[in-house]
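Each chain is listed here by its residues.
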Amino acid sequence: VLARFMQDGSFATHIRKMRRIYARRQQALIDAVAQHLDGLLTVEPAPAGMHLIAELTPSLAARMDDAEASRRAAKVGVTAIPLSLFFDGTATRQGLVLGYAGFEEAAIDDAARRLRAAFNP
């Protein structure tokens, strides 16, 4: 079945469709961070993937590390993995891994609003 799916071009069609969807969702995340988390997190677009790294701004990093930011995110129902977990030894960057692939644009915007509330005193 898988071989037939690939041979008849369905797999290539699926990949093209998912790339368009993921590009829209990535842009929705970038826009939501700019609108709701300005001064707290920064993100840069990525050419591929299903998540972005949101770096803590100096003003947020002065109040909490990425592990604390992750805990606060979880309390408002947002999964945001601390970037520091991916370092061997001392982390040289503080940020959050934010997935976007499995979420509609409205849900991404809502999550950014909830993160703002979680990060503000």
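Residues numbered from 1 in each chain as written. Predicted model: local features only at pLDDT ≥ 70, side-chain atom pairs only at ≥ 80, totals over all residues. Heavy atoms only, no water.

K.L.:
Looking at this structure, how should I read the overall build of the chain?
P.N.:
When you go through the chain residue by residue, the secondary structure sums to five helices and four strands. Of the regular secondary structure in the chain, the N- to C-terminal order runs α-α-β-β-α-α-β-β-α. In terms of its C-alpha atoms, the chain occupies a principal-axis envelope of roughly 55 × 35 × 25 Å. In the chain, which comprises 121 residues, the proportion classed as buried is 33%. In the chain, the share of contacts with a sequence separation of at least 24, taken over all contacts with a separation of at least 6, comes to 58%. For the chain, the computed accessible surface area is about 7,500 Å², with 57% contributed by carbon and sulfur atoms. Computing the positive centroid from 15 side-chain charges and the negative centroid from 13, the chain places the two 6 Å apart. (Helix = DSSP H or I, 4+ residues; strand = E, 2+ residues; numbered from the N terminus. Buried < 20%, exposed > 50% of the residue type's maximum accessible area, 1.4 Å probe, protein only. Contact = heavy atoms within 4.5 Å. Areas by Shrake-Rupley, 256 points an atom, 1.4 Å probe, with all protein chains shown as cover. Lys, Arg positive; Asp, Glu negative; His and termini not counted. Charge placed at Lys NZ, Arg CZ, Asp CG, Glu CD.)

K.L.:
What am I meant to see in the side chain of glutamine 26 here?
P.N.:
Looking at the secondary structure, you find glutamine 26 in helix H2 (residues 10–36). Setting aside residues no more than four positions away along its own chain, glutamine 26 makes contact with Pro45, Ala46, Leu52 and Tyr100.

K.L.:
So what exactly am I meant to see when it comes to the pattern of salt bridges here?
P.N.:
Pairs may arise between side chains of opposite charge once their charged atoms sit close together. Per the counting criterion, the structure on display carries seven salt bridges. One salt bridge in this structure joins glutamate 55 and arginine 93, with 2.9 Å as the shortest N-O distance. Linking glutamate 55 in strand S2 (residues 51–56) with arginine 93 in the loop between strand S3 (81–82) and strand S4 (95–99), this pair joins segments that are 38 residues apart in sequence. Residues aspartate 109 and arginine 113 are paired through a salt bridge, measuring 3.1 Å at the closest nitrogen-oxygen approach. In this pair, aspartate 109 and arginine 113 are both assigned in helix H5 (residues 105–119), four residues apart and thus about one turn of the helix distant. (Salt bridge = Lys/Arg side-chain N within 4 Å of Asp/Glu carboxyl O.)

K.L.:
I keep staring at helix H4 (residues 66–75) and nothing clicks. Help me out?
P.N.:
Every α-helix carries 3.6 residues per turn, so stepping three or four residues along brings you back to the same face. Among the residues making up H4, those that are buried are Asp66, Ala69, Ser70 and Ala73. Burial along H4 is one-sided: seen end-on, the buried residues are contained in an arc of 100°. Those residues of H4 that are exposed and angled more than 90 degrees off the buried face are Ala74 and Lys75. (Arc of directions from axis to C-beta.)

K.L.:
What is the right way to read the sheet that holds S3 from this model?
P.N.:
Whenever strands of a sheet pair, they do so through backbone hydrogen bonds, lying parallel or antiparallel. The four strands lie next to each other as S1-S2-S4-S3, forming an open sheet whose pairing is antiparallel. The open sheet terminates on both sides in strands that have one partner only, identified here as strand S1 (41–43) and S3. Two strands pair when backbone bridges link them, and S3 and S4 are joined in this way by two bridges, in the antiparallel orientation. Looking at the pairing, isoleucine 81 lines up with valine 97 of S4. (Pairing = 2+ DSSP bridges.)

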